[in-house]
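Single-letter residue listing:
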Amino acid sequence: MPRALVLLPLMALAACVTPSTERAATPTLTAALDRQADGFRGVTEAGEGFAIVSTSASARELCRVVSIDSANRFEVESFCKAPGGVWR
């Protein structure tokens, strides 16, 4: 059997189970992104501390950089939304 016929299904399966590194905005984080100024510190529903680091805006979207203290790791995420949209 050709190797490609064996590898293709395995690669497809791996793509389905590979965890995403993109973090979803929780309700607490979403509320902070909508209402709080840069420098705001809060805690998510999962108990992770976060801080809003900076904000940038263009005609198409609003973006905010957030640092998150997650399980002995320090993560930095960018959340953006279009006018009337949701944070992604």
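As a starting point, this report considers the structure included with it. (Residues numbered from 1 in each chain as written. Predicted model: local features only at pLDDT ≥ 70, side-chain atom pairs only at ≥ 80, totals over all residues. Heavy atoms only, no water.)

Quick look at the side chain of Thr-44 now. Examined against the element boundaries, Thr-44 turns out to sit in the loop between β1 (41-43) and β2 (49-57). Setting aside its immediate chain neighbours within four residues, Thr-44 contacts Thr-26, Thr-28 and Phe-50. (Helix = DSSP H or I, 4+ residues; strand = E, 2+ residues; numbered from the N terminus. Contact = heavy atoms within 4.5 Å.)

Looking only at helix α2 (residues 27-35), the buried set comprises Leu-29, Ala-32 and Leu-33. Viewed end-on, α2 has its buried residues packed into an arc of 100°, placing them on one side of the element. Exposed positions of α2 whose direction lies more than 90 degrees from the buried face are Pro-27 and Arg-35. Of the surrounding elements, those touching the buried residues of α2 are β2, β3 (62-70) and β4 (73-81). (Buried < 20%, exposed > 50% of the residue type's maximum accessible area, 1.4 Å probe, protein only. Arc of directions from axis to C-beta.)

A few words on the pattern of salt bridges. Side-chain pairs of opposite charge can arise whenever the charged atoms involved come near each other. With the rule as written, the count across this model stands at three salt bridges. Of the charged contacts in the structure, one is a salt bridge between Arg-64 and Asp-38, with a shortest N-O distance of 3.0 Å. You can see Arg-64 sitting in strand β3 and its partner Asp-38 sitting in the loop between α2 and β1, a full 26 residues away along the chain. On the accessibility criterion, Asp-38 (41% relative accessible area) is partly exposed. (Salt bridge = Lys/Arg side-chain N within 4 Å of Asp/Glu carboxyl O.)

One open sheet accounts for four strands, arranged β1-β2-β3-β4; its pairing is antiparallel. Of all the strands in the sheet, just β1 and β4 have a single pairing partner and so form its edges. Neighbouring strand axes in the sheet, compared pairwise and without regard to direction, differ in orientation by 30° on average. Note that β1 and β2 share three bridges and pair antiparallel. Looking at β2, one finds that Val-43 is bridged to Gly-49. (Pairing = 2+ DSSP bridges. Axes fitted to C-alpha atoms, helices over the stretch in contact; angles between N-to-C directions.)

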